[in-house]
Amino acid sequence: MSGQTLYDKLWSQHLVKERGDGTALIYIDRQLLHEVTSPQAFEGLRLAGRRPWRLDANLATPDHNVPTTLKERAEGNTGIKDPVSLIQVQTLDDNCDSFGIEEFRINDARQGIVHVVGPEQGATLPGMTVVCGDSHTATHGAFAALAHGIGTSEVEHVLATQCLLAQKMKNMQVRVEGRLGAGVTAKDIVLAIIGRIGTAGGTGYAIEFAGSAIRDLSMEGRMTVCNMAIEAGARVGLIGVDDTTIDYLRERPFAPQGELWDAAVTEWRNLVSDDDAAFDKVVTIDAADIEPQVSWGTSPEMVANVSGEVPDPASARDETVKHSYSRALEYMGLSPKQKITDIKLDKVFIGSCTNSRIEDLREAARVAKGKKVAASIQLAMVVPGSGLVKRQAEAEGLDRIFIEAGFEWREPGCSMCLAMNADKLGAGEHCASTSNRNFEGRQGYGGRTHLVSPAMAAAAAIAGHFVDVRQFAANDDTQVQEA
Amino acid sequence: MQKFDRHQGVVAPLDRANVDTDLIIPKQFLKSIKRTGFGVNLFDELRYQDEGYPGQDVAKRPLNPDFMLNQPRYQGASILLARRNFGCGSSREHAPWALEDFGFRVIIAPSFADIFYNNAFKNGLLLVTLEEDTVARLFQEVDAEEGYALDVDLENQRVITPSGEVLEFEIDEFRKHCLLNGLDDIGITLQDEPAIRAFEARHRESRPWLFRQAQ
Ligand code: SF4
C-alpha cells in the first residue's frame with residue numbers, strides 16, 4: 001500500500017464520521033471570523049437558541065470594511081463613514097461580546113487581515129483544520145494546516161457543531177524545483193503556476209506545493225503561494241512542515257510552550273507527504289524558468305513574463321480563448337502584442353492577504369529606497385496586513401522609506417484588494433496591485449488591476465509603468481533595517 | 001428550524017411564471033446583516049409603487065393596490081400559489097428568508113428552481129410540486145372563493161381542498177424527515193453530538209496544543 005499524502009493525513013486526523021452519502025463530518029480546530037460573512041451566522045444561532053460549541057476555537061477581527069487612513073482610524077468605529085460598513089463592524093463587535101468570542105477590534109494593535117493575523121498569532125498551527133468565511137483561507141495551508149474557505153451557513157454550522165460537512169478532495173502536487181533567479185519571488189511562482197495550470201486547474205484538488213524552491217521560501221513566501229491556491233481553482237493549498245515552519249511559530253502567543261511545544265514539534269515533523277504517497281496529478285515547474293510575472297487580463301491565469309507582451313487574440317488556440325482574450329483586452333484597454341513594460345499605471349497598491357507581511361514590505365522598500373514615485377502616479381499606497389506588521393515595519397524604518405519615496409503609509413486592512421472601504425480605483429485606471437484577483441471591477445468599477453509581486457509593484461510605482469525589477473535589484477541591500 | 005407536519009392556511013395567488021429571486025427580494029436588501037426582517041420587502045417591486053431601499057419606513061410607502069398581497073381578501077395568507085419555475089435566478093438564501101419572514105409556510109407550484117428548492121427546505125419552507133393543470137385549477141378556485149384555504153398534510157403527502165378533494169404530492173424521504181422533525185443541517189449534525197464529543201475528547205488527549213489559548 002502506498003503512503004499517505006499530507007492532505008490524507010490531515011483528513012483522517014479530523015474525520016469524525018463518514019455519512020455514507022460521500023460527505024463526511026470533519027472536526028474544526030480553528031475558525032477565524034470577520035465582519036462580512038459572520039453576521040447572519042450569529043443571527044442564525046440566536047434564532048435557533050444555539051450557543052457556539054467551543055468558544056476558544058474562534059478568533060475574530062474586522063478587516064474588509066475598515067478605513068486605512070490614520071485620521072479615520074484614530075476615531076475607532078466612528079471613523080467608518082459608510083453606514084453599512086459601520087453596521088457590519090459594530091455587529092461583529094456585538095456578536096463577539098454577547099457570545100464571548102475573542103476579537104481583535106479595530107484599534108487593537110493585533111487587528112489586521114484575518115489571514116495575516118491567524119499565523120502571526122500562532123492561532124494557525126500545523127495539523128489544524130482552519131476555516132473562515134473567506135476563500136483565501138487556503139493561506140493557512142502553508143503551515144500544513146487543512147484550511148478551507150466556507151460560506152455563511154457553514155460558518156454557522158461550524159460555530160454550532162465544531163464540524164464541517166465536507167467531501168474528500170483529490171490530491172495534486174505542484175513541484176517547483178531549483179533556484180529562483182534574483183528578483184523573482186513567491187508571488188511570481190504562484191502566478192506562473194496559475195498561468196500554467198489555469199484557474200480551473202486545481203478544481204476538486206487539494207494542492208500540495210513541494211520541491212526545493214518551495215522549501216527555500218520563508219513562511220511569508222509560502223503563505224503567498226498557498227493564498228492563491230484558490231485562484232488556481234483549489235480550495236486547499238498545503239506545504240509540509242520543516243524547520244522554517246517550526247522556527248516561525250516558536251514563541252507566538254497562541255503556540256504551545258515548554259513541554260507541550262516539544263511534544264507538538266515531534267508530532268508536526270510527521271506532517272509531510274510520505275515518500276511513496278500517490279498523487280492524482282503532479283505538475284513540475286523549473287524555478288529557473290520563472291520570470292517576474294504581470295497579469296494583463298481579467299483572470300489570474302492571464303499572466304505574462306515582464307519581458308513579454310500582451311497576447312494577440314488572433315493567435316489564440318481556440319475560439320473560446322480568443323473571445324475571452326479579446327474581451328479582457330478591451331476591458332483592460334490594452335492592444336495585442338503591447339509590451340508589458342509599456343503598460344502605464346495610475347495607481348499602485350501594496351497590501352492584501354497575499355502580500356502585506358513584513359517580508360513583502362521589506363522587498364518593496366528595498367526597491368523604493370532612495371527613489372521617488374513617478375509624477376504620473378496618482379496614488380501609491382502601502383497597507384500593512386496587521387497592526388503588528390505595521391509596528392515591525394516602522395521599527396525597521398520601512399515607513400520612512402516609503403513616505404520619502406512618495407507612497408502613502410496606511411493602517412492595516414483589506415483596503416483596495418476588494419474596495420469595500422473608501423480605497424478604490426476609478427474607471428479606466430491601471431493599478432499595479434499585490435493582491436490576488438484582477439476580475440472586472442474588483443478594485444473599483446471599471447478599474448484595471450495588474451497582479452504583481454511587491455518588488456514589481458514598487459518598481460512600477462517609481463517608473464510609472466511596469467519595469468523588470470531585476471534591473472532595480474542591482475542595489476540589493478538586505479540591511480534595509482538600518483536605513 | 002420550525003417543525004412542519006400539517007398546516008392549514010389562506011392561499012395567496014401569484015399568477016406569474018419564472019418568479020426570480022430578485023423579484024422575491026431585490027438585491028439592495030442583501031446588504032443587511034440579518035436573516036430576519038426581509039418580510040416587509042418581499043416582492044418589493046410588485047408590492048410598492050416607489051423604489052425600495054434598506055432602512056426605509058415601509059409604513060409611509062405607497063402600496064400597489066393591484067398586487068394581491070395588498071388586497072384585504074389575502075391578508076394573513078400563509079400558502080403561496082405560483083406558476084412554474086418559481087425561485088429561479090441567484091442563489092441568495094434571502095429569498096426563503098423573506099418568504100418565511102412574511103409568514104408563508106408553504107409554496108405550491110408546478111416546478112421550482114434547484115438552488116431555491118434546496119435553500120427553502122433548509123429554512124423550513126415546504127415546497128409542494130403539483131401538476132400544471134392542477135395548479136391552474138387551484139388558481140381558479142382561489143379566485144372564486146374569498147378566504148379559500150388549503151390543508152397541507154406533510155406526513156401523508158397530500159393537500160386537501162375546501163371541497164374535500166385530495167391532491168397527493170411527492171417529496172424525498174430525507175427532506176420530509178428533516179421538516180417533520182424540524183431538523184436543519186445543524187440539527188442533523190447535532191444528532192451526531194455523542195460522536196463529535198467522543199472525537200473531541202480523543203483529539204484533545206492526543207493533541208492538547210490544538211486547544212491552547214494565547215498566554
Ligand atoms: S485582503 Fe483581499 S482577498 Fe484577502 S481577505 Fe481581504 S478582501 Fe479577501
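Whatever comes next refers back to the structure up there.
Each value, and the rule that gives it
Residues numbered from 1 in each chain as written. Chains lettered and ligands numbered in written order. Predicted model: local features only at pLDDT ≥ 70, side-chain atom pairs only at ≥ 80, totals over all residues. Heavy atoms only, no water. Helix = DSSP H or I, 4+ residues; strand = E, 2+ residues; numbered from the N terminus. Buried < 20%, exposed > 50% of the residue type's maximum accessible area, 1.4 Å probe, protein only. Contact = heavy atoms within 4.5 Å. Areas by Shrake-Rupley, 256 points an atom, 1.4 Å probe, with all protein chains shown as cover. Lys, Arg positive; Asp, Glu negative; His and termini not counted. Charge placed at Lys NZ, Arg CZ, Asp CG, Glu CD. Rg over C-alpha atoms; globule rule 2.2 N^0.38 Å. Core = buried A, V, L, I, M, F, W, Y, C linked by side-chain atoms within 4.5 Å. Pairing = 2+ DSSP bridges. Axes fitted to C-alpha atoms, helices over the stretch in contact; angles between N-to-C directions. Polar contact = N/O pair within 3.5 Å; in protein donor to acceptor, adjacent residues only side chain to side chain. Arc of directions from axis to C-beta. Phe/Tyr/Trp six-rings, centres within 6.5 Å; stacked < 30°, edge-to-face > 60°. Near = heavy atom within 4 Å. Nonpolar A, V, L, I, M, F, W, Y, C, P; charged D, E, K, R; others polar. Buried area = accessible area lost by both parts, 1.4 Å probe. Salt bridge = Lys/Arg side-chain N within 4 Å of Asp/Glu carboxyl O.

**Q** An account of the overall build of chain B is requested, with residue identities and associated values reported.
**A** For chain B, the count of helices and strands is eight helices and seven strands. Overall, chain B is about 70 × 45 × 25 Å in size when its C-alpha atoms are taken along their principal axes. In chain B, which comprises 215 residues, the share counted as buried stands at 51%. Summarising the internal contacts of chain B: among those between residues at least 6 apart in sequence, 63% fall at separations of at least 24. Surface accessibility of chain B: about 10,100 Å² in total, with carbon and sulfur atoms responsible for 46%. A distance of 8 Å separates the average location of the 25 positive side-chain charges in chain B from that of its 35 negative side-chain charges.

**Q** Before we move on, could you go through the overall build of chain A and cite the residues and values that matter?
**A** Broken down by element type, chain A carries 17 helices and 19 strands. A compact globule built from 483 residues should have a C-alpha radius of gyration of about 23 Å, and chain A, at 22 Å, falls within 12% of that. Overall, chain A is about 55 × 55 × 45 Å in size when its C-alpha atoms are taken along their principal axes. Burial status across chain A gives 64% buried among its 483 residues. Nonlocal contacts in chain A, meaning residues at least 24 apart in sequence, comprise 76% of its contacts between residues at least 6 apart. Carbon and sulfur atoms make up 48% of the accessible area of chain A, which totals about 16,500 Å². The averaged location of the 65 negative side-chain charges in chain A is 2 Å from the averaged location of its 48 positive side-chain charges.

**Q** Summarise the nonpolar core; cite the residues concerned and give the values.
**A** Counting residues in hydrophobic clusters, the biggest one holds 100 residues, and the most contacted among them are Ile101(A), Val174(A), Val176(A), Ile193(A), Ile207(A), Phe209(A) and Trp268(A). In this structure, Ala95(B), Ile107(B), Tyr117(B) and Val142(B) belong to the second largest nonpolar core, which totals 58 residues.

**Q** Could you give an account of the sheet that holds strand S8 (residues 163–166) of chain A, naming the residues involved and the relevant values?
**A** All names here are of chain A. The strand order S1-S2-S8 describes an open sheet built from three strands, whose pairing is antiparallel. Two strands lie at the open edges of the sheet, namely strand S1 (15–18) and S8, each paired on one side alone. Each neighbouring strand pair of the sheet contributes to a mean axis angle of 20 degrees, computed without reference to strand direction. Where S1 and strand S2 (residues 24–27) come together, three bridges link them in antiparallel fashion. Bridge assignment links Leu 15 to a residue of S2, and that residue is Ile 26. With respect to the sheet, helix H6 (residues 152–161) is in contact with S2 and S8, its orientation differing from that of S8 by roughly 135 degrees.

**Q** Please give an account of the side chain of Thr68(A) that cites residues and values.
**A** Along the chain, Thr68(A) turns up in the loop between strand S4 (58–60) and helix H3 (70–74). Engagement of the side chain of Thr68(A) in a polar contact is seen with the side chain of Asp423(A), the distance being 2.7 Å.

**Q** Describe helix H14 (residues 387–395) of chain A, naming the residues involved and giving the relevant values.
**A** Residues and elements named next belong to chain A. Turning to H14, its buried residues number three or more, namely Gly 387, Val 389, Lys 390 and Ala 393. Here the buried residues of H14 occupy an arc of 160 degrees about the axis, which is enough to place them on one side. Facing away from the buried surface of H14 by more than 90 degrees, the exposed residues are Arg 391 and Ala 395. Summarising the contacts, the buried residues of H14 are in contact with helix H5 (114–121), helix H13 (358–368), helix H15 (398–405) and strand S17 (408–409). Two residues or fewer past H14, Gly 397 is found with a positive phi of approximately 80 degrees.

**Q** Explain the packing of aromatic side chains to me, and be specific about the residues and the numbers.
**A** All names here are of chain B. Enumeration over the complete set of coordinates arrives at 16 aromatic pairs over all chains. Seen from their ring centres, Phe 43 and Phe 67 are 6.0 Å apart, and the 65 degrees between their planes marks the pair as edge-to-face. With Phe 43 in the loop between helix H1 (21–24) and helix H2 (44–47) and Phe 67 in the loop between H2 and strand S2 (79–82), this residue pair connects regions lying 24 residues apart in the sequence. Their ring planes at 55 degrees and their centres at 4.8 Å tell us that Tyr 117 and Phe 121 sit as a pair that is tilted. One end of the pair, Tyr 117, and the other, Phe 121, are both in helix H4 (residues 114–122), four residues apart, so they sit about a helical turn from each other.

**Q** Which residues make up the site of the ligand, and what values go with them?
**A** All residues in the neighbourhood of the ligand are listed as His64(A), Ile113(A), His115(A), Asp134(A), His136(A), Ser352(A), Cys353(A), Cys414(A), Cys417(A), Leu418(A), Asn436(A) and Arg442(A). Here the residues of the shell around the ligand are counted per class, giving five nonpolar, five polar and two charged.

**Q** Requested: an account of the sheet that holds strand S9 (residues 170–177) of chain A, with residues and values cited.
**A** Sheet strands pair by backbone hydrogen bonding; their relative direction is either parallel or antiparallel. Residue and element names in this part refer to chain A. An order of S11-S10-S9-S12 is seen for the four strands of this open sheet, with the pairing classed as parallel. Each edge of the open sheet is held by one strand with a lone partner, namely strand S11 (236–238) and strand S12 (281–286). Direction aside, the axes of adjacent strands within the sheet are offset by 20 degrees on average. Where strand S10 (residues 205–210) and S11 come together, three bridges link them in parallel fashion. Of the residues in S11, the one forming a bridge with Ala 206 is Val 236. The sheet strands contacting helix H1 (residues 6–14) are S9, S10 and S11, and the helix crosses S11 at an angle near 115 degrees. Where helix H7 (residues 186–197) meets the sheet, it contacts S9, S10 and S12, and its direction lies at approximately 125 degrees from that of S12.

**Q** Go over unusual backbone geometry, please, and point to the residues and values.
**A** In this structure, Gln162(A) is a non-glycine residue whose phi angle is positive, near 65 degrees. Within the element layout of this structure, Gln162(A) appears in the loop between H6 and S8. Gln162(A) gets classed as buried once you look at its relative accessible area, which sits at 1%. Positive phi is not limited to glycine here, since Phe43(B) has a value of about 50 degrees. The exposure class of Phe43(B) is buried, given its relative accessible area of 0%.

**Q** Help me get a handle on the side chain of Arg222(A), residues and values and all.
**A** Looking at the element boundaries, Arg222(A) is found in helix H9 (residues 219–227). Contacts of Arg222(A), omitting those with residues within four sequence positions, involve Ala142(A), Ile214(A), Arg215(A), Leu217(A), Ile239(A), Gly240(A), Asp242(A), Thr244(A) and Thr245(A).

**Q** Break down the interface of chain B and chain A for me, with residues and values.
**A** Frequently, the measure chosen for interface size is the accessible area that the parts lose on association. Each side of the interface is counted separately: chain B has 34 residues, and chain A has 46 residues. Looking only at chain B, the three residues that lose the most surface to chain A are Ile33(B), Arg35(B) and Trp209(B), adding up to 22% of its buried area. Seen at the junction of chain B and chain A, the total is five salt bridges. As a salt-bridge pair, Arg50(A) and Asp184(B) come within 3.1 Å of each other at their nearest N and O atoms. On inspection of chain B and its partner chain A, the count reaches 13 residue pairs in polar contact (both at pLDDT 80 or more). Of all the elements, helix H8 (residues 193–206) of chain B adds the most residues to the side of chain B that touches chain A, at eight residues. Of the residues belonging to the side of chain B that touches chain A, the class tally is 13 nonpolar, eight polar and 13 charged.

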